[in-house]
Amino acid sequence: MIKQLAYIIYISCILMFYGCNGRTGQFTVSGVVTGAEDQMIYFENVGLSEVLLLDSAKLNGTGKFIFKEKIPEYPEFYRLRMNGQYINLAIDSAESITITADYTTFATSYQVEGSLVCSALKEITLAQLDANQAIHRLRKDFEAGVMPDSIYRIQTLAAIETYRDTARRYIYSRPMSPEAYFALFQQIDGMLFFDPYDKEDSRAYGAVATSYNHLYPESPRSKHLYNLALQALKVIRSQRDINLDNIDVKEIDFMDVALPNLRGDTIKLTEMAKGKVVILNFTSYQAEWSDELNQLLHKADSTYRGRNFGIYQISLDSDVHLWKNVAANLPWTCVRDPQTVYSQAAAIYNVKQLPALFLLNSKGLLVKRIDNLDTLIADIGNVF
């Protein structure tokens, strides 16, 4: 009863705060980075589909910096970047956040003041980094032949579960918070720790999606997450014999992706694909199987041309010149994610390996994840 009362009070305070907050003014991120004279520090907004550079500064001998930006309309994520290292931040009000760090351990040993949310993000980030480092060590030993497959699998799952334990504390105790959202979408080697298409993990997505949809119904993040949770629920229901009769599932829009094409124009999946049956393809042109895959897509494009069919192909290649050379000769929509293997779009769709193909119907609903390329042409025809 005490816990329930505390939770109700907490929610009430949140609602009162956002009801009174006009979202005007600025927030400030300032601090000191020692041992970083003449080094550049960058302040970036980490959006749903892209990272935007907002400001930068060259540090002098004192190592001091300060960035000021307009308060976002909804809780939003930012980061400080130095020499390939990041400090993750979340902003939802007129906060003044102070960071103290050393250049050599910028991303791991910093101190944060002025934001409990940012302190939580630090704990989550460190747990994610620990899991990544542990798994990379295990993989190295396994590939060197000094660790048997059974031990490698057990210890890898244990490292993943250690992160998930940390994340669950935030996801289930404060599902409405930015740290819960952040914890939900952390990755390892470009893959989500929490699989939206797993029955157990889908509960975590549902908890955060419901809370965000309640507090910030017009936020693009809320809409995106809510759609993802419902899409995953629909897929789970179609694949497993579970009772979801009491859950209100409604028709929803696309899980949108917005990435640049060859001309640098941002192409949204919603705009390209609305009213069409679409193959969404995550690929790598430098892979050995790329030519064979594109030949199959050429066949699909030829077979269903003129029948409101389209292909939205996302390259995760790090070599931008290779991508441009190949994409210039393809007749469908070709975009590239500059985050490559760390693509947030790929993470949202839980891409575990390439190539990955998804079939969407004309309403934007994900109806099938294509696991067997031999049935691709027939699978497309079944959706018309």
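Residues numbered from 1 in each chain as written. Predicted model: local features only at pLDDT ≥ 70, side-chain atom pairs only at ≥ 80, totals over all residues. Heavy atoms only, no water.

With respect to the overall build of the protein chain
So, point 1. What the protein chain contains, in helices and strands, is eleven helices and 17 strands.
So, point 2. Every one of the 384 residues in the protein chain was classed for burial, and the buried ones make up 49%. (Helix = DSSP H or I, 4+ residues; strand = E, 2+ residues; numbered from the N terminus. Buried < 20%, exposed > 50% of the residue type's maximum accessible area, 1.4 Å probe, protein only.)

Considerations on helix α3 (residues 149-173)
So, point 1. Helix length check: α3 (25 residues) gives 36 Å between terminal C-alpha atoms against 36 Å at 1.5 Å per residue, within 8%.
So, point 2. A maximum bend of about 30° is found in α3 at Ala167.
So, point 3. When we look at burial in α3, the residues that qualify are Tyr152, Thr156, Ala159, Tyr163, Arg164, Thr166, Ala167, Arg168, Tyr170 and Ile171.
So, point 4. On its buried face, α3 sits against α2 (116-143), α4 (178-184) and α5 (199-215). (Expected span 1.5 Å × (residues − 1). Bend = angle between axes of the 7 residues up to and from the residue. Contact = heavy atoms within 4.5 Å.)

Let's talk about the sheet that holds strand β1 (residues 26-34)
So, point 1. Pairing is mixed in the open sheet, where four strands are placed in the order β4-β1-β7-β8. Of all the strands in the sheet, just β4 (64-70) and β8 (111-113) have a single pairing partner and so form its edges. Each strand of the sheet is rotated relative to its neighbour by a mean of 15°, with strand direction disregarded.
So, point 2. Judged from the seven bridges that link them, β1 and β4 form a sheet pairing that is antiparallel. Pairing of Val32 across the sheet is with Lys64, part of β4. (Pairing = 2+ DSSP bridges. Axes fitted to C-alpha atoms, helices over the stretch in contact; angles between N-to-C directions.)

Quick look at the sheet that holds strand β3 (residues 51-58)
So, point 1. If you walk across this open sheet you meet the four strands as β3-β2-β5-β6, and the pairing is antiparallel. Only two strands of the sheet have a single neighbouring strand rather than two, namely β3 and β6 (85-91). Averaged over all neighbouring strand pairs, the angle between strand axes comes to 25°, with direction disregarded.
So, point 2. Where strand β5 (residues 76-82) and β6 come together, seven bridges link them in antiparallel fashion.

Things to note about the packing of aromatic side chains
Aromatic rings in a pair are described by how distant their centres are and how their planes are angled relative to each other.
So, point 1. Counted under the stated rule, the structure contains 16 aromatic pairs.
So, point 2. Taking 5.5 Å as the distance between ring centres and 5° as the angle between the ring planes, the aromatic pair formed by Phe43 and Phe67 counts as stacked. Within this pair, whereas Phe43 is found in strand β2 (residues 40-46), its partner Phe67 is found in strand β4, the two being separated by 24 residues in sequence. The burial state of Phe43 is the same as that of Phe67; both residues are buried.
So, point 3. When the ring of Tyr212 is compared with that of Tyr216, the centres are 5.1 Å apart and the planes differ by 70°; the resulting orientation is edge-to-face. Of the two residues, Tyr212 and Tyr216, neither departs from the other in class, the shared state being buried.
So, point 4. Three or more aromatic residues link up through ring pairs in this structure, and these residues are Phe77, Tyr181, Phe182, Phe185, Tyr205, Tyr212 and Tyr216.
So, point 5. The ring of Tyr110 has Lys122 sitting right over it, with the charged end atom 5.0 Å from the ring centre.
So, point 6. We note Arg307 situated over the ring of Phe384; from NZ or CZ to the ring centre the distance is 4.4 Å. (Phe/Tyr/Trp six-rings, centres within 6.5 Å; stacked < 30°, edge-to-face > 60°. Lys NZ or Arg CZ within 6 Å of the ring centre and 35° of its normal.)

Quick look at the side chain of Ser177
So, point 1. Mapped onto the elements of the fold, Ser177 is located in the loop between α3 and α4.
So, point 2. Within the structure, the side chain of Ser177 is placed 2.7 Å from the backbone oxygen of Arg174, a separation counted as a polar contact. (Polar contact = N/O pair within 3.5 Å; in protein donor to acceptor, adjacent residues only side chain to side chain.)

What to know about unusual backbone geometry
The general pattern is negative phi for most residues beyond glycine and trans for most peptide bonds.
So, point 1. Within the chain, Asn83 stands out as a residue other than glycine whose phi angle is a positive 50°.
So, point 2. Within the element layout of this structure, Asn83 appears in the loop between β5 and β6.
So, point 3. You can call Asn83 exposed: its relative accessible area is 59%.
So, point 4. Of note in this structure, Asn308 is not a glycine but carries a positive phi near 55°.
So, point 5. In this fold, Asn308 is placed in the loop between α8 (290-303) and β14 (309-315).
So, point 6. Residue class for Asn308 comes out exposed when judged on its relative accessible area of 51%.

Some remarks on the pairing of β2
So, point 1. Of all seven residues making up β2, five are buried, and the element is well covered by its neighbours.
So, point 2. The pairing of β2 with β3 spans seven bridges and is classified as antiparallel. Each bridged residue has a counterpart across the sheet, and for Phe43 the counterpart in β3 is Asp55.
So, point 3. Taking the residues between adjacent antiparallel strands as the criterion, β2 and β3 are bridged by four residues.
So, point 4. In this structure, β2 lies alongside β5, joined through four bridges in antiparallel fashion.

A look at the packing of α3 against α5
So, point 1. The interhelical angle for the contact between α3 and α5, taken along N-to-C directions, is 35°, at an axis separation of 10 Å. Our pair here, α3 against α5, has a crossing hand that is left-handed. Contacts from Arg164, Arg168, Ile171 and Tyr172 of α3 reach α5 at Glu200, Asp201, Arg203, Ala204, Ala207 and Val208.
So, point 2. Taken together, the residues that form the contact of α3 with α5 break down as five nonpolar, no polar and five charged. (Left-handed = near helix turned anticlockwise from the far one by under 90°. Nonpolar A, V, L, I, M, F, W, Y, C, P; charged D, E, K, R; others polar.)

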